[in-house]
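Observations on the model geometry
Next come the chains, spelled out residue by residue.
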Amino acid sequence: MSGFFEHTPDSLREWCVNHGMPGFAAKQIFDWVYAKQVVDPALMSNLSANHRALLVEALPIDQGHLLADQCASDGTRKLLVGWKDSSTGLPVLHEGPSTETVLIPSDNRMTACVSSQIGCPVGCAFCASGLDGLEGNLSAGQIVEQVHRLSRLGLGRVTNVVFMGMGEPLANFAAVTNAITTLNASWGLGIGARKITVSTIGLPEAIRRLAEFPLPITLAISLHAPEDSLRRTLIPWAAHASIPEILDACREYFDATGREITFEYLLLRGVNDRPHHARMLADLASTVRCNINLIRYNEVPGLPFDRPADIDVRIFQETLRDRRINAHIRASRGRDIAAACGQLRRSHTQADQST
Ligand code: SF4
């Protein structure tokens, strides 16, 4: 266990005692970091000077380094965070492991879109994050740190968290569920379980494990196609589980948690946005308690997909609604800062390579 954000109250109390600090200091440190959003030990005024110095030396609050910070015209904020190279322990300044994290402000919420892995093993055909494969898993603390960093940008506290950044969250199950525990805890960031969404391409066994997790979080399935053959051309890991197998696991999730499933459907011009796709999707959706988010594709340079026409998006939604399926068109946010998953990291890496 290396950084502060990996800790629970019990483990930090033990750490304090093992380092010659009183056990109650753990509660004070938690209060500074989570309640007051202070990450500089020098400002933790109710700790002794010796103990503040010890924290600086032995318990870094942040593990990452900010590599880039972009603000879109619609207020969306995107951070690129570099992590220490696990082989050298040295901080990453330019190249090396890094992940994106995005803050999306809207009328009544501040949504953090976090990454669960460095890169992604799934390799979806339309996504920049999967282009270079998986570089590693993030720890629970690194996931929590992303949300904490966004919360202290001065735009307001994070109210909602979606695991829709880089990575397949259910392929990093323990770290993701431990992070959710901290995000939700009253001693942590205090974000309601129902305001935390895990988005997966659909791993049935992991969905069943998630149904046993004690917090009733929202499960989102990245469906993106209404039949398996098309889906497998878009999502290579779709070969591991058919749509009927995924829907079976979703029904079990609903039965166990009472939470409706969200299906994410990324509309790609001429690929999956035709009316017959909408009719097939409606047939699937009518078998599960669910709602559908329709998302317009943000183009990724070098990838052969286009944004759908507005008229086609509307027809798609109307086709679903005519069949009594609850379908919403989600606004694309932050287009002018390459807010689609993986683009900032990729452009940053390419800029480094060209210098
Ligand atoms: S869309 Fe998600 S699952 Fe697919 S490659 Fe990108 S990050 Fe991975």
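In this report, we go over the structure that sits alongside the text. These numbers were taken from a predicted model, which means no experiment stands behind them.

Moving on to helix α6 (residues 204-211). Listed as buried for α6 are Pro-204, Ala-206, Ile-207, Leu-210 and Ala-211. One side of α6 carries all its buried residues, which in axial view fall inside an arc of 160 degrees. At its buried positions, α6 is contacted by α5 (173-184), β9 (218-222) and α8 (243-257).

Here the focus is the environment of Ile-143. Within the fold, Ile-143 resides in helix α4 (residues 140-151). Relative accessible area serves as the criterion here: at 0%, Ile-143 is assigned to the buried category. Separated by 138 residues in sequence, Ile-143 and Phe-5 place their C-alpha atoms 8.6 Å apart. In this view, Ile-143 contacts Val-114, Ser-115, Ser-116, Leu-138, Phe-163, Ala-175, Val-176 and Ala-179; residues no more than four positions away in its chain are not counted.

It is worth spelling out the pattern of salt bridges at this point. As enumerated under the stated definition, the model contains 14 salt bridges in all. With its nearest N and O atoms 2.8 Å apart, the salt bridge here joins Asp-69 to Arg-77. In this structure, Lys-78 engages Glu-100 in a salt bridge whose closest nitrogen and oxygen atoms are separated by 3.2 Å. One end of the pair, Lys-78, is in strand β2 (residues 77-82); the other, Glu-100, is in strand β3 (residues 98-105), with 22 residues separating them in the sequence. For Lys-78, a relative accessible area of 0% translates into the label buried.

On to the site of the ligand, then. Around the ligand sit twelve residues, and of these Cys-120, Gly-123, Cys-124, Cys-127 and Gly-167 come closest. Along the lines of polarity and charge, the residues of the shell around the ligand split into seven nonpolar, five polar and no charged.

With respect to the helices, strands and loops of the structure, Gln-317 is situated in helix α10 (residues 310-322). For Gln-317, the contacting residues outside a window of four places in its chain are Leu-294, Ala-327, His-328 and Ile-329.

Right, let's talk about the pairing of strand β4 (residues 110-113) for a bit. Every regular strand shows the same layout, with side chains that alternate between the two sheet faces. Of the two faces of β4, the one lined by Met-110 and Ala-112 and the one lined by Thr-111 and Cys-113 are each fully buried. Pairing geometry for β3 and β4, over four bridges, is antiparallel. Across the sheet, Leu-103 pairs through a bridge with Ala-112, a residue of β4. The hairpin formed by β3 and β4 contains four residues between the paired strands. Inspection of the sheet shows β4 paired to strand β7 (residues 160-163) by three bridges, in the parallel sense. Residue pairing for β7: Ala-112 is matched across the bridge by Val-161.

Calculation notes
Residues numbered from 1 in each chain as written. Predicted model: local features only at pLDDT ≥ 70, side-chain atom pairs only at ≥ 80, totals over all residues. Heavy atoms only, no water. Buried < 20%, exposed > 50% of the residue type's maximum accessible area, 1.4 Å probe, protein only. Helix = DSSP H or I, 4+ residues; strand = E, 2+ residues; numbered from the N terminus. Arc of directions from axis to C-beta. Contact = heavy atoms within 4.5 Å. Salt bridge = Lys/Arg side-chain N within 4 Å of Asp/Glu carboxyl O. Near = heavy atom within 4 Å. Nonpolar A, V, L, I, M, F, W, Y, C, P; charged D, E, K, R; others polar. Pairing = 2+ DSSP bridges.

Without other data, these values stay purely geometric and don't point to any function.
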